[in-house]
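Structural characterization, general
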Amino acid sequence: MAGNELEKAFQTLTDALNLSEAETLEEIKLVEEQINELREKTIELKGKQETLAHDRVSIDEMFQRYVEEDKTKN
C-alpha cells in the first residue's frame, strides 16, 4: 500500500515537473520570438536613421549653397 502511494506521489511530482518544463519552454519560445522581432525592428530603425542622417547632410549642403549664392548677389 505504501509503495502505491509513493508511486502516485512520484507520478504527481513528475507530472508537475513536466508541466512546468513545458510552460518554461513555451515562455522561452515566446521570448525568443520577441527578441527576433526587436532585432528586425532595430535593423529597420537603423536604416531610417541612416536615411535621416543623409537627408540632414543634403539639407545642410543645400543651405550652404544658398548662403554662398546669397553672398555673391550682395
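Here, the structure is the one placed above.
Residues numbered from 1 in each chain as written. Predicted model: local features only at pLDDT ≥ 70, side-chain atom pairs only at ≥ 80, totals over all residues. Heavy atoms only, no water.

**Some points on the overall build of the protein**
Looking only at helices and strands, one finds one helix and zero strands in the protein. Expressed as lengths along the three principal axes of its C-alpha atoms, the size of the protein is roughly 110 × 10 × 5 Å. For the protein, the computed accessible surface area is about 7200 Å², with 58% contributed by carbon and sulfur atoms. In the protein, 10 positive and 19 negative side-chain charges are present, and the distance between their average locations comes to 11 Å. (Helix = DSSP H or I, 4+ residues; strand = E, 2+ residues; numbered from the N terminus. Areas by Shrake-Rupley, 256 points an atom, 1.4 Å probe, with all protein chains shown as cover. Lys, Arg positive; Asp, Glu negative; His and termini not counted. Charge placed at Lys NZ, Arg CZ, Asp CG, Glu CD.)

**What about a negative patch on the surface?**
A grouping of Glu 26, Glu 32, Glu 33, Glu 37 and Glu 40 is seen on the molecular surface, where their side chains present a negatively charged patch. On the secondary structure map, Glu 32 appears in helix α1 (residues 2-73). (Patch = residues over 30% accessible without salt bridge, like charges linked within 9 Å, V, L, I, M, F, W, Y side chains within 5 Å. Salt bridge = Lys/Arg side-chain N within 4 Å of Asp/Glu carboxyl O.)

**As for the environment of Ala 22**
Looking at where Ala 22 falls in the secondary structure, it is placed in helix α1. Residues Ala 22 and Arg 56, spaced 34 residues apart in sequence, show a C-alpha to C-alpha distance of 51 Å.

**Comments concerning the pattern of salt bridges**
The tally for this structure, following the rule as stated, stands at two salt bridges. Glu 44 is the partner of Lys 41 in a salt bridge, and the nearest nitrogen-oxygen pair spans 3.8 Å. Of this pair, Lys 41 and Glu 44 both sit in helix α1, separated by three residues, roughly a single helical turn. Using a relative accessible area of 39% as the deciding quantity, one classes Glu 44 as partly exposed. (Buried < 20%, exposed > 50% of the residue type's maximum accessible area, 1.4 Å probe, protein only.)

**Thoughts on a nonpolar patch on the surface**
A cluster of nonpolar residues, Leu 6, Phe 10 and Leu 13, forms a patch on the protein surface that exposes about 320 Å² of accessible area. By the secondary structure assignment, Leu 6 is in helix α1. For Leu 6, a relative accessible area of 48% corresponds to the partly exposed category.

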